[in-house]
Amino acid sequence: MPPRLRASAAQLLPPELPASARGGETRERILKAAAKVLVAGDGQCEIADVARAAGVSAGLSYHYFTSKAGLIAAVVEAFYDRFEAAVMDVNPKPGATWGERERLRLERMVAFHYAEPLAPLILTRLSRTPDVAAVEATRLARHIDLAARNIEIAQERGEIPADLDASLLGAMILGGLRQAIGQALAAAKRPAQAKVTEQLWQFIAGTARFNPSQARKKQR
């Protein structure tokens, strides 16, 4: 049975591509199809529907993802890959103060979630499933670690009080942002991005006890 699945994959993809490239292209096509099916189904999907949308057999879909839960978890992983590339793993303004830099990062974060069709599902109903919750826990832990490092640098510069625990503060901020953005996305009428960003920034600056005047002094 496994050899027949591999032969089926070869028939579906351009013969000039190397096997690894063909496999990667097929996997990506299935992931994109699954994302569309999830959005259209308001968080529900079946392997047969995804396979049909991707133009592959259901058996081939199981070959790559083994189960529906595994497929959905992979869709969420891909979502967070895009999120990290666009928001978490870039410095939006090198050489800026913590406040200037993180305000821009927040703008990117809100814009990313507003533009992603999957975001409302991932931040609400999908996160309640065990496989997705596991993905989110791993990603959130990494994001908190990144936030804590940024906060520690700001504390060394005197922009944020040194008596605040950087890891705890990072967890408070990111947890609050996740819940608030999820609430905004789930609203019958979404609030404007600019309004959401401004309100969230007030929350971040207040929670961190950010001192913009001290930050300006450090830049001189």
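Here, the structure is the one placed above.
A short tour of the structure in this document, coming up. (Residues numbered from 1 in each chain as written. Predicted model: local features only at pLDDT ≥ 70, side-chain atom pairs only at ≥ 80, totals over all residues. Heavy atoms only, no water.)

**What about the overall build of the protein?**
- Across its full length, the protein carries 11 helices and 0 strands.
- Element order for the protein, N to C, with α for helix and β for strand: α-α-α-α-α-α-α-α-α-α-α.
- The buried share of the protein, reckoned over its 220 residues, is 42%.
- Of the contacts formed within the protein by residues at least 6 apart in sequence, a portion of 69% connects residues at least 24 apart.
- Total accessible area on the protein is roughly 11600 Å²; 55% of this is exposed by carbon and sulfur atoms. (Helix = DSSP H or I, 4+ residues; strand = E, 2+ residues; numbered from the N terminus. Buried < 20%, exposed > 50% of the residue type's maximum accessible area, 1.4 Å probe, protein only. Contact = heavy atoms within 4.5 Å. Areas by Shrake-Rupley, 256 points an atom, 1.4 Å probe, with all protein chains shown as cover.)

**Looking at the packing of aromatic side chains**
- Scanning all chains against the criterion turns up 8 aromatic pairs.
- Centroid distance tryptophan 98 to tryptophan 201: 6.0 Å. Interplanar angle 35 degrees. Geometry classified as tilted. One end of the pair, tryptophan 98, is in helix 6 (residues 98–115); the other, tryptophan 201, is in helix 10 (residues 193–208), with 103 residues separating them in the sequence.
- Overall, tryptophan 201 belongs to the buried group, its relative accessible area being 12%.
- Grouping aromatic residues by their ring pairs yields a cluster made of Phe79, Tyr80, Phe83 and Phe112.
- The ring of tyrosine 114 carries arginine 190 above its face, with NZ or CZ at 5.3 Å from the centroid. (Phe/Tyr/Trp six-rings, centres within 6.5 Å; stacked < 30°, edge-to-face > 60°. Lys NZ or Arg CZ within 6 Å of the ring centre and 35° of its normal.)

**Some remarks on unusual backbone geometry**
- Although it is not a glycine, aspartate 42 adopts a positive phi angle of roughly 55 degrees.
- Mapping aspartate 42 onto the fold places it in the loop between helix 2 (19–40) and helix 3 (47–54).
- Overall, aspartate 42 belongs to the partly exposed group, its relative accessible area being 41%.
- One non-glycine residue, threonine 66, lies in positive phi territory at about 65 degrees.
- With respect to the helices and strands, threonine 66 occurs in the loop between helix 4 (58–65) and helix 5 (68–88).

**Some points on the layout of surface pockets**
- Of the pockets and cavities examined, the largest pocket occupies roughly 460 Å³.
- For the lining of the largest pocket, the secondary structure elements donating two or more residues are helix 6, helix 8 (130–156), helix 9 (166–186) and helix 10.
- Looking at side-chain class alone, the lining of the largest pocket contains 16 nonpolar, 5 polar and 8 charged residues.
- For the second largest pocket, the calculated volume is near 250 Å³.
- Lining the second largest pocket are 15 residues, and of these Tyr80, Leu140, His143, Leu174 and Arg178 lie nearest its centre.
- For the lining of the second largest pocket, the elements supplying multiple residues, two or more each, are helix 5, helix 6, helix 8 and helix 9. (1 Å grid on protein atoms, 1.4 Å probe; cavity = no way out; pocket = protein on both sides within 12 Å on 5 of 7 lines; lining within 4 Å. Points joined across faces, edges and corners; volume = space filled by probe spheres on them. Nonpolar A, V, L, I, M, F, W, Y, C, P; charged D, E, K, R; others polar.)

**Thoughts on the pattern of salt bridges**
- A full pass over the atoms with the stated rule returns 18 salt bridges.
- Across the salt bridge formed by glutamate 25 and arginine 29, the nearest N and O atoms sit 2.6 Å from each other. Within this pair, glutamate 25 and its partner arginine 29 are both found in helix 2, separated by 4 residues, close to a single helical turn.
- According to the relative accessible area criterion, arginine 29 is partly exposed, its value standing at 23%.
- Between arginine 139 and aspartate 81 there is a salt bridge; the shortest N-O distance is 2.8 Å. (Salt bridge = Lys/Arg side-chain N within 4 Å of Asp/Glu carboxyl O.)

**Examining the packing of helix 6 against helix 9**
- Running from amino to carboxyl end, helix 6 crosses helix 9 at an angle of 40 degrees, the nearest separation of the two axes being 11 Å. With respect to their mutual orientation, helix 6 and helix 9 come out oblique. For the element pair helix 6 and helix 9, the recorded crossing hand is right-handed. From helix 6, Leu106, Met109, Val110, His113 and Tyr114 reach across to helix 9, where they touch Leu174, Leu177, Ile181, Ala184 and Leu185.
- The residue makeup of the contact of helix 6 with helix 9, split by class, is 9 nonpolar, 1 polar and no charged. (Axes fitted to C-alpha atoms, helices over the stretch in contact; angles between N-to-C directions. Parallel < 35°, antiparallel > 145°, perpendicular 65-115°, else oblique. Left-handed = near helix turned anticlockwise from the far one by under 90°.)

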